[in-house]
Every structure is written in structure tokens, then in C-alpha cells.
Amino acid sequence: MSENTISTDSASEDVSVRADLALSTTSGADANGVATNVITARVSQAGSLLSGINITFLITSGTGASFSDGSTVYTGTTNILGTCTVPVTSIRTGEVTVLATCYVGGVTSSGSVTMVFGEVEGGDDKNLQLHGQVIRDNAANDGLSVNTVLFTLVNDQNKPVAGKELRFSLSGGSAQLSTVTAITDAAGQAQVNVTNTAVGSVGITATLVEDSNITATASVTFAKTEYSLSYNILRNGVEADGESVNYISFTLTNQSGGAVAGQTINFVVQSASGNAILRSRSEITDHNGLVVAYVANTTPEAVSLVATLQDDAQVKISAPLFFTEVAVVPDPVKYVLSGTITKNDSYASNMEMSGRYNTVLFTLLRNGEPAVGEVINFTSQSSHLFLTQTSAVTDERGQCEVSCRANYAIRSGSTYSIVAVRELGDASCTINNIKFLYAQYFTASLNTSGDIPADGKSYHEVYIKLADSANNDIESRVHLEYESSSSTAKIGDRGMDSNIGGSNLPPGASHTIFIRNTVKETVTLTIDNIGGVVASRAPSVKLNMKFD
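The model shown is predicted, which means the values in this text are computed figures rather than measured ones. (Residues numbered from 1 in each chain as written. Predicted model: local features only at pLDDT ≥ 70, side-chain atom pairs only at ≥ 80, totals over all residues. Heavy atoms only, no water.)

Scanning the protein from terminus to terminus reveals zero helices and 47 strands. Looking at the protein as a whole, 40% of its 548 residues are labelled buried. Residue pairs in contact within the protein that sit at least 24 positions apart in sequence constitute 60% of those at least 6 positions apart. (Helix = DSSP H or I, 4+ residues; strand = E, 2+ residues; numbered from the N terminus. Buried < 20%, exposed > 50% of the residue type's maximum accessible area, 1.4 Å probe, protein only. Contact = heavy atoms within 4.5 Å.)

Here the focus is the sheet that holds strand β35 (residues 391-393). A sheet is described by the order of its strands in space; here four strands give the open sequence β35-β33-β37-β38, paired in antiparallel fashion. Of all strands in the sheet, those with a lone pairing partner are β35 and β38 (428-434), marking the two edges. With direction set aside, neighbouring strand axes in the sheet form an average angle of 20°. (Pairing = 2+ DSSP bridges. Axes fitted to C-alpha atoms, helices over the stretch in contact; angles between N-to-C directions.)

Next up on the list: the side chain of Arg516. In this fold, Arg516 is placed in strand β45 (residues 510-516). Classification of Arg516 as buried rests on a relative accessible area of 4%. There is a polar contact of 3.3 Å between the side chain of Arg516 and the backbone oxygen of Lys457. (Polar contact = N/O pair within 3.5 Å; in protein donor to acceptor, adjacent residues only side chain to side chain.)

On the surface, Leu49, Ile80 and Leu81 cluster together into a nonpolar patch covering about 340 Å² of accessible area. Examined against the element boundaries, Leu81 turns out to sit in the loop between β8 (73-77) and β9 (83-90). With a relative accessible area of 52%, Leu81 lands in the exposed category. (Patch = residues over 30% accessible without salt bridge, like charges linked within 9 Å, V, L, I, M, F, W, Y side chains within 5 Å. Areas by Shrake-Rupley, 256 points an atom, 1.4 Å probe, with all protein chains shown as cover. Salt bridge = Lys/Arg side-chain N within 4 Å of Asp/Glu carboxyl O.)

A separate point is the pairing of strand β23 (residues 264-270). Alternating residues of β23 divide into Ile265, Phe267 and Val269, all buried, and Thr264, Asn266, Val268 and Gln270, none buried. Here β23 runs beside strand β25 (residues 282-284); their pairing, made up of three bridges, is antiparallel. In the sheet register, Asn266 faces β25, and the bridge partner there is Ser282. By the bridge criterion, six bridges tie β23 to strand β27 (residues 302-309) in an arrangement that is antiparallel. From the neighbouring strand, Ile265 faces β27, where its bridge partner is Leu309.

A separate point is the sheet that holds strand β15 (residues 165-170). To summarise the sheet geometry, strands pair through backbone hydrogen bonds and adopt either a parallel or an antiparallel arrangement. Judged by pairing direction, the sheet is mixed, and its five strands sit side by side in the order β13-β20-β19-β15-β17 without closing on themselves. Because the sheet does not close on itself, it has two edges, and the strands there are β13 (139-140) and β17 (181-183). Strand direction decides the pairing type here: β15 and strand β19 (residues 200-208), joined by five bridges, are antiparallel. Counterpart to Phe168 in the pairing with β19 is Ala206.

Of the residues in the protein, 85% reach a pLDDT of 70 or more, and the chain-wide mean stands at 85. Under a pLDDT of 50 for its full length, residues 9-13 has, in the predicted model, seven contacts with residues more than four places off or in other chains. Scored below 50 in pLDDT, residues 532-537 shows ten contacts in the model against residues more than four places distant or in partner chains. (pLDDT = per-residue confidence, 0-100.)

Turning our eyes to something else, we now look at the pattern of salt bridges. In the structure shown here, the tally under the stated rule is six salt bridges. Measuring nitrogen to oxygen at the nearest pair gives 3.8 Å for the salt bridge that ties Lys435 to Asp345. You can see Lys435 sitting in the loop between β38 and β39 (436-437) and its partner Asp345 sitting in the loop between β29 (335-343) and β30 (346-347), a full 90 residues away along the chain. The partly exposed category is assigned to Lys435, whose relative accessible area is 38%. Here Glu374 makes a salt bridge to Arg422, at a shortest N to O gap of 3.1 Å.

Shown next, in the form of C-alpha cells:
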């Protein structure tokens, strides 16, 4: 065995950066797939050996050659001496070329070596014999299961011959080979697998490519595939409403327990009523051998779902299902609350005065019928809108009414709103567009005293001002008159005057009056605005005052 040494070609890179890759190889090993030629690579830079450098080896020519791991590409790492070795084997004679490459500092260094593999000693390759041996037989005819034949090539001394190409052929029309050619290995052997979709025997012939007279034939048998179906009930016992479905998965396997894909499974549902409904009458098994069937029904009953392999009616299975009565659900109670404004456009007032109220009528229905005796709560949507009550009970017509007043009319066409809600909160209604008109004049008054002793000295004090509905001062001069309902209740500033009085108020002015009494009673003080335009007079203001 000889040894070749080669250094990489020089490159244009700076030698201070570029590493030097030196290659050497042995040569002359037997081409038996066992004996090896060994490549040694050494990496250095500026005279220093480099360790830890990855070197990639690639077989670029030489059929049948491989590295020790059986591949044609191998990566090794230099040791502390800057070297890396890799063995090469071959099953064919002739030259083999290997390219080595490494990267140091981002710069590539590479080189090639060529070695020779020689004839195997101890035999005459001109007197070869080929033998066939069945390794695996009686596979299922499912197109997937394999039978295997091993062919061995030997010389006239019965020693294996490696590196020879064999070509395979079949006698069966539907059978399929895993490969049509193969190279004998170090043991002189080459293996081929066969599949089939038909039942019976198939002959496999191997022929030496370089000498077609050297052949061998082996026969294998394919047995009928035994399939079986199993099921898994995924949902059962749904209501027989014609929409809800029970469903079952079916799995098709062969005699080895392997899943069988691509097979059509047909479904038939057997029911006494005949009302069971299949979503699909057939499905094709997926890669897991799986199909799913869905069944609905309009009759509560037990049924059977039968699954059958389309290509073999003997392969079938029946699964039980049942459907239940449709549960009767009572109609849900539904309340509807609506409202209608029955009186609108009253005058705004900051006092509780007759004729100054708008009204809204609310109607509550329960499933379309009047809801009697239900409590409805009311809420004003403005601090200037006052309700006569915050709740009411519906009458025999499912109705209740609420009145409201406002102390201001809203400018620019805006309106007030009331929200009505059933006490249990499942029905509500908002009424908008509640309007109040501007009164040209109204009297704003405040009784600032509490209950006053009837001692003829203590007094009720009343503050009076004339303003419009926006609480703006009246621009014209007006005259107010006021009168008590009792002859003993006197009106005056400090002394006891009469039970009537009056006052002229200039624009923006206000007036305070005092009323005393010597009798324990409730007295009504009436205040009239008689000034301004007569047609626009504000109504009287009446205040009740109690004397103890």
C-alpha cells in the first residue's frame, strides 16, 4: 500500500490570514467494502499547527466509495497536532477522489487527494455465481406489506464479490419492486423488497449487469389481506330532533394491526321507524385507517349503524345507537314595557300648581297579555324634572300613569325624558320628547319660616320675585297683590295692617312680606301678578302657612 502527499494550492489571500491545508492518503486497499485507505489532513498557519479546526471531506468521484459512517460527506476536527484522519472504503475498484475544505478567519483553504482501490485477491471474477434467498414471505396483498429477497454474488472459490451492479425484474403484473438496480456490498449481497395488490406467487429475477448470463430467481407469495373493522362511539343518546347527531369513528386495520388508508367504508342505518338520517353513506379511510359516521333521527329509538368495507362485504361491523325524547321547554316569559305621552306642552313652573303637569301612560305586557299588579319604577333624567311618584302598580289593563312638572322649559328645542323599569328589571322603556312651554311671567316665592306661634308678634316671612321661565328677571314693571284667607291674619312690614296688600315691582326687583296671626290656624296666602300684558298673566301663587 502506497502513500500520496499533497499540499493545497496557493491562493491570493494574505498568507498571514490564510491557513495552509496539507493532505496525504494511503492507496491500494482492496475494494471489498471493508479494507480502507486513510486520508490525513494537517492545518497550520504561519508555521503554527491549528487544533479544533473543522474540515469537511467530500467524495467527488469513485462509485461505491464511502467514509466509515457510510456517507459520502464527513466532517472531522483537528487534534492538538493540527491533524485529522478519515478512513475510506469502496466496493468497486478504481480511483476515488476526495476534496477537503476548511475555514480559518473567514478564508477558505481546500485541496484534493486521489486514492486507488484494487481487485480483491483470491478469486476469478470471470466465473461468478448468483444465488437468491427469500428473507420475508407471505406478505399481505395490501400494496404496503413487503416480501424480501436477498441475492448473493460469489466467485469460483465461493468468496463474495462486492461492487457489482445487479438489475431486478418481476414475473407478476401487479407487483412492485422497491428498486430496479443495486450494488453488491462487501458480503457480495444486494437486497430487494416487493409489494403486491394481488394474491399469489411472484418471481423476482436478479441479473448481473456486466454479464446477463449470470442470473438468479426467487419466488415469493402474497396472501389475501385480512381486514377488520372496530368502532368507538363518540356521542350517543342525543335528542331525536332531526338536527342533533350521534357519531361513531370506525377504524380499518390489517392482520398485522396496521392502519389501512384509502379504503371506502359504506354505512347503513337500521331503525324500526325508518326515520334515522345518515349525513353520509360512505367515507374513505384516512392515514390512520379512520372514518366517522354521523346519524340524526326524528324518532326516539335504538338503531344500529352498520359499516362495511366496500371491497370486501365480509368485513363489516354493527354499532348500537339510541335517540331520546325531545325535552319540552316551556315558552320563556317575556315582558314588554311601552309608554305613551298622554299630556304634553304644559307650562314650566317651579311650584306645584294645577295645570302645570304633563302625563305619561305606561303599558306592561306579559307574553302579549296585560301584566296586572306589576310594580313599575320611574326615574327622571333631569334634576329640573319632578315626578309625582317614583313607582306605580299596573291595573287590569297592565297600565299605570305618572305625572311630571319642570321648573324650566328647555331651550333650543330640547326635551325631558323619563325611564320606566319593571321592578324585576327584565323590561324597561324610555320616554323622550316630554316638553314644557315657557310661561311669560311666573311668581317665584319661598316661605322662609316654619310653624309660627299665633301670638300676634311672630311672623311668616315670604320672599317674592317676578321672573320668566328661565329664571331671568322680568324686564317690565308689574304690580303684585296678595291676600290672606283669614281676617285675623294680617299682612304688613312690622305693624298689624290688614289681611290684604300690594306692591309695585320695578324690573328685576323683589319684595318680602310678613304675615302675623292671633288665631291658631292654617292660613292661605294668595299672590297675584296683575301687571304686564293681561293675556300673559301668570296664575296665582298660593302658600299655606300654619300658626300654632
